[in-house]
Amino acid sequence: KRTKMVEPSFQMFWSEDLPKLETAEGLEVALIAGQLPSFASPPSPPPDSYALDAASDVLVLTLKLPPKGTWTLPAYSGSRPTNNLNRN
């Protein structure tokens, strides 16, 4: 609620600035917000973004799979209960 009526903000996240995993088989994972094991930190979110608060445990990524490819999202390692964890 503290950021509900703030001025709008826009920030471009350029592909070359995002931490990525790319394999020879065609798998591509780009980290946009949050933390993933073995990934560098992504660019900082906009100033009033929910993702800016580390306690929010936000994870945003893009995933491109080759035909019949698979990738497993690492298990949640935060300290908050997972009964309301939302994976959309």
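The text that follows walks through the structure, step by step, so that each part is easy to find.

What counts, and at which threshold
- Residues numbered from 1 in each chain as written.
- Predicted model: local features only at pLDDT ≥ 70, side-chain atom pairs only at ≥ 80, totals over all residues.
- Heavy atoms only, no water.
- Helix = DSSP H or I, 4+ residues; strand = E, 2+ residues; numbered from the N terminus.
- Buried < 20%, exposed > 50% of the residue type's maximum accessible area, 1.4 Å probe, protein only.
- Patch = residues over 30% accessible without salt bridge, like charges linked within 9 Å, V, L, I, M, F, W, Y side chains within 5 Å.
- Areas by Shrake-Rupley, 256 points an atom, 1.4 Å probe, with all protein chains shown as cover.
- Salt bridge = Lys/Arg side-chain N within 4 Å of Asp/Glu carboxyl O.
- Contact = heavy atoms within 4.5 Å.
- Pairing = 2+ DSSP bridges.
- Axes fitted to C-alpha atoms, helices over the stretch in contact; angles between N-to-C directions.
- Polar contact = N/O pair within 3.5 Å; in protein donor to acceptor, adjacent residues only side chain to side chain.

### Brief notes about the overall build of the protein
Part 1 of the argument: Tallying secondary structure elements over the protein gives 0 helices and 3 strands in all.
Part 2 of the argument: From first element to last, N terminus to C terminus, the protein shows the α and β order β-β-β.
Part 3 of the argument: Projected onto its principal axes, the C-alpha positions of the protein cover 45 × 35 × 20 Å.
Part 4 of the argument: Each of the 88 residues in the protein was classed as buried or not, and the buried ones make up 16%.

### Observations regarding a nonpolar patch on the surface
Part 1 of the argument: Taken together, Phe10, Met12 and Trp14 make up a surface patch of nonpolar side chains, about 410 Å² in accessible area.
Part 2 of the argument: Following the sequence through the fold, Phe10 ends up in the segment before β1 (20-22).
Part 3 of the argument: Residue Phe10 is classed as exposed on the basis of its relative accessible area of 70%.

### A closer look at the environment of Arg80
Part 1 of the argument: Its place among the elements puts Arg80 in the segment after β3 (60-64).
Part 2 of the argument: Distance from Arg80 to Ser56, taken between C-alpha atoms, is 9.5 Å for residues 24 residues apart in sequence.
Part 3 of the argument: Other than its neighbours up to four places away in sequence, Arg80 contacts Ala55, Ser56 and Asp57.

### Observations concerning the environment of Ala75
Part 1 of the argument: With respect to the helices and strands, Ala75 occurs in the segment after β3.
Part 2 of the argument: Taking the C-alpha atoms as reference points, Ala75 and Leu61, separated by 14 residues in sequence, lie 15 Å from one another.

### Examining the sheet that holds strand β2 (residues 28-33)
Part 1 of the argument: Judged by pairing direction, the sheet is antiparallel, and its 3 strands sit side by side in the order β1-β2-β3 without closing on themselves. Edge positions in the sheet fall to β1 and β3, since each has one partner strand and no second. Along the sheet, successive strands turn relative to each other by an average axial angle of 10 degrees, direction set aside.
Part 2 of the argument: Relative to β3, β2 is paired through 5 bridges, and the arrangement is antiparallel. Each bridged residue has a counterpart across the sheet, and for Ala33 the counterpart in β3 is Val60.

### Quick notes on the side chain of Ser56
Part 1 of the argument: By secondary structure assignment, the location of Ser56 is in the loop between β2 and β3.
Part 2 of the argument: Taking the relative accessible area as the measure of exposure, Ser56 reaches 8% and is therefore buried.
Part 3 of the argument: A polar atom in the side chain of Ser56 sits 3.0 Å from the backbone oxygen of Tyr50.
Part 4 of the argument: In this view, Ser56 contacts Tyr50, Ala51 and Arg80; residues no more than four positions away in its chain are not counted.

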